Amino acid sequence: MPGLSSKLFGDRLFALIVAILVVGGTSVFFSAALGLLAREGGSIGHIALTQLALGLVPGLIALALLRFAPPAWIEKAILPLFVLAILATLLVFVPGVGHHVNGATRWIAIGPFTVQPAEFLKIATILMLSLYLAKMRTKLSDMRYGLLGFCTIVGVPALLLLAQPNTSTTLVIGFTAAALYFVAGAPLRDFAILACIALIGAGALVATRPYLMHRVQTFINPDQNALSTGYQIQQSLIAVGSGGMLGRGFGQSVQKFNYLPEPVGDSVFAVYAEEFGFLGTVILVLLFTGFAARGFAIAAGAATSFGSLAATGLTLLITISAFMNIGAMLGIMPLTGLPLPFVSHGGTALLAALASVGIILNVAAHRPKRKAAH
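Quick summary incoming for the structure in this document.

**Examining the overall build of the protein chain**
Piece 1. Helices and strands together make up the secondary structure of the protein chain, namely 14 helices and three strands.
Piece 2. For the protein chain, long-range pairs separated by at least 24 residues make up 73% of all intrachain contacts whose partners lie at least 6 apart in sequence.
Piece 3. As presented, the protein chain carries roughly 17400 Å² of accessible surface, and 71% of it is formed by carbon and sulfur atoms.

Below you can see the structure in the form of structure tokens.
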């Protein structure tokens, strides 16, 4: 029943791509988790709880609620959610509340679990920017409404994230926000100004944060410091190369047991490539490419300017993160620490990604109906 399924999902093809990514991603995650447990101990129950009970299940509920919510309700909720996301992100800096790991303070500790507010902040920022640009579309040539509004909405979250520090999420938000600003019709003058700000900011960050300089140096010369800063990319490339054409087989990765750092985190793509080989890697890339193409098609047919910008922005958030993760694991761009959407460990990230899908499907469901040709 094509008509019924379209009404239910909003866009059948987009929903199918997401379903494949979620089911396949969950399977790959648990395969990678076995390697982590084998070398560090622990319980598969704890990992399952954080990924399924705190990520997948509430994520699917959020997807369903947002898919069927009236669009007007979503628009009215954006400003309060944006403010709440900023306040939640500020909580990571509160002693006793914020959770500090590996030199970064990005999490809120809730009992034995942690929540990363940045995952919600990036969605709230893009939705807030989409709403603002939709309302100010005819005034963007005026710097008071265009560039100043853009810098305010994007700048506050960026400063909070850089203070954690969380440079990779800041980059994803920045790229996505700039693309939305372009789609909304901002003048080229503003992009020249933003490019100068970005270059100066990037230079300052690399100069003042040694770990960023190390990542750039490792990208330029991955064989240097193979046992320290270059260790992750070396082991990732070994895993990818070991997969050959068809892979070792599901669950058969060797690198995940003793060599890959964070096999359930940003290195999970390397585990996948080793188990499913070049062919499986191509399929995964095609799935994310299809996700992007269908998301942009939904945006192009949206009933409102806000819907178009929101669908574009949320699609970009997920696809940019995916390809930055894959590119880093293949050594074609510096390491970022970004998770692979729908696959990497992180209940908050999975919940946020599925909520984004719910909004995109909501936009798809409210596209104007085409009149039949006579």
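Read on, since the account is not over.
**So, the packing of aromatic side chains**
Piece 1. Counted according to the given criterion, the structure contains nine aromatic pairs.
Piece 2. Note on Phe 29 and Phe 30: the rings are 5.2 Å apart at their centroids and 75° apart in plane angle, and the pair reads as edge-to-face.
Piece 3. On the basis of relative accessibility, which here comes to 0%, the residue Phe 29 falls in the buried class.
Piece 4. Note on Phe 150 and Tyr 181: the rings are 4.7 Å apart at their centroids and 25° apart in plane angle, and the pair reads as stacked. Residue Phe 150 is located in helix H6 (residues 147-163), and its partner Tyr 181 is located in helix H7 (residues 167-183); the two are separated by 31 residues in the primary sequence. Taken individually, Phe 150 and Tyr 181 each receive the classification buried, so the pair is uniform in this respect.
Piece 5. These aromatic residues form a ring-pair network of at least three members: Phe 150, Tyr 181, Phe 182 and Phe 191.

**Concerning the pattern of salt bridges**
Piece 1. In this structure the tally under the stated criterion is seven salt bridges.
Piece 2. Residues Lys 122 and Glu 119 are paired through a salt bridge, measuring 3.1 Å at the closest nitrogen-oxygen approach. Note that Lys 122 and Glu 119 are positioned in helix H5 (residues 118-135) at a spacing of three residues, about one turn of the helix. Both residues of the pair, Lys 122 and Glu 119, count as buried.

**Side note on helix H4 (residues 71-90)**
Piece 1. Between its first and last C-alpha atoms H4 spans 29 Å; for 20 residues at 1.5 Å apiece the expected length is 28 Å, and the two agree.
Piece 2. The principal kink in H4, of about 40°, is found at Ile 78, preceding the proline Pro 80 by one to four residues.
Piece 3. Here H4 has its buried residues at Ile 74, Ile 78, Phe 82, Ala 85, Ile 86 and Thr 89.

**Topic: the nonpolar core**
Piece 1. Grouped together as the largest cluster of nonpolar side chains are 88 residues, with contacts concentrated most on Leu 133, Tyr 181, Phe 291, Leu 340 and Phe 342.
Piece 2. By residue number, the principal contributor to this core is helix H13 (residues 305-329), which donates 14 residues.

**Notes on a nonpolar patch on the surface**
Piece 1. On the surface, Leu 79, Leu 81, Val 83, Leu 84, Leu 87, Leu 90 and Phe 93 cluster together to form a nonpolar patch covering roughly 620 Å² of accessible area.
Piece 2. Structurally, Leu 90 is set in helix H4.

**Here's the deal with the environment of Ala 109**
Piece 1. Assignment of secondary structure puts Ala 109 in strand S2 (residues 104-110).
Piece 2. Once the C-alpha coordinates of Ala 109 and Gly 96 are considered, the two residues, 13 residues apart in sequence, prove to be 8.3 Å apart.
Piece 3. Contacts of Ala 109, omitting those with residues within four sequence positions, involve Val 97, His 99 and Thr 114.

**Re the side chain of Thr 89**
Piece 1. Position of Thr 89 among the secondary structure elements: in helix H4.
Piece 2. Assessed through its relative accessible area of 0%, Thr 89 is described here as buried.
Piece 3. Reaching out from Thr 89, the side chain makes a polar contact with the backbone oxygen of Ala 85 at a distance of 2.7 Å.
Piece 4. When near neighbours in sequence (up to four residues on either side) are disregarded, Thr 89 contacts Pro 117, Leu 121, Leu 160 and Gln 164.

**Regarding the side chain of Ser 130**
Piece 1. Tracing the chain through its elements places Ser 130 in helix H5.
Piece 2. When sequence neighbours within four positions are dropped, the list of residues in contact with Ser 130 reads Leu 180, Phe 306, Leu 309 and Ala 310.

**Re unusual backbone geometry**
Piece 1. In this model, Gln 164 is joined to Pro 165 through a cis peptide bond whose omega is -5°.
Piece 2. Within the fold, Pro 165 resides in the loop between H6 and H7.
Piece 3. The backbone of Phe 342 shows a phi angle near 75°, a positive value even though the residue is not glycine.
Piece 4. Position of Phe 342 relative to the elements: it lies in the loop between H13 and helix H14 (347-365).

**What to know about the packing of H5 against H6**
Piece 1. Taken N-terminus to C-terminus, the directions of H5 and H6 make an angle of 175°; their axes are 10 Å apart at the nearest point. Considering their axes alone, H5 and H6 lie roughly antiparallel with respect to each other. Along its contact with H5, which presents Ala 118, Leu 121, Thr 125, Met 128, Leu 129 and Tyr 132, the element H6 presents Gly 149, Phe 150, Ile 153, Val 154, Pro 157 and Leu 161.

**What to know about H6**
Piece 1. In this model H6 runs 23 Å from its N-terminal to its C-terminal C-alpha over 17 residues, within 8% of the 24 Å that 1.5 Å per residue would give.
Piece 2. What H6 keeps buried is the set Leu 147, Gly 149, Phe 150, Ile 153, Val 154, Pro 157, Ala 158, Leu 160, Leu 161 and Leu 162.
Piece 3. Along its buried surface, H6 packs onto H4, H5, H7 and helix H8 (188-208).

Cut-off values and rules
- Residues numbered from 1 in each chain as written.
- Predicted model: local features only at pLDDT ≥ 70, side-chain atom pairs only at ≥ 80, totals over all residues.
- Heavy atoms only, no water.
- Helix = DSSP H or I, 4+ residues; strand = E, 2+ residues; numbered from the N terminus.
- Contact = heavy atoms within 4.5 Å.
- Areas by Shrake-Rupley, 256 points an atom, 1.4 Å probe, with all protein chains shown as cover.
- Phe/Tyr/Trp six-rings, centres within 6.5 Å; stacked < 30°, edge-to-face > 60°.
- Buried < 20%, exposed > 50% of the residue type's maximum accessible area, 1.4 Å probe, protein only.
- Salt bridge = Lys/Arg side-chain N within 4 Å of Asp/Glu carboxyl O.
- Expected span 1.5 Å × (residues − 1).
- Bend = angle between axes of the 7 residues up to and from the residue.
- Core = buried A, V, L, I, M, F, W, Y, C linked by side-chain atoms within 4.5 Å.
- Patch = residues over 30% accessible without salt bridge, like charges linked within 9 Å, V, L, I, M, F, W, Y side chains within 5 Å.
- Polar contact = N/O pair within 3.5 Å; in protein donor to acceptor, adjacent residues only side chain to side chain.
- Axes fitted to C-alpha atoms, helices over the stretch in contact; angles between N-to-C directions.
- Parallel < 35°, antiparallel > 145°, perpendicular 65-115°, else oblique.

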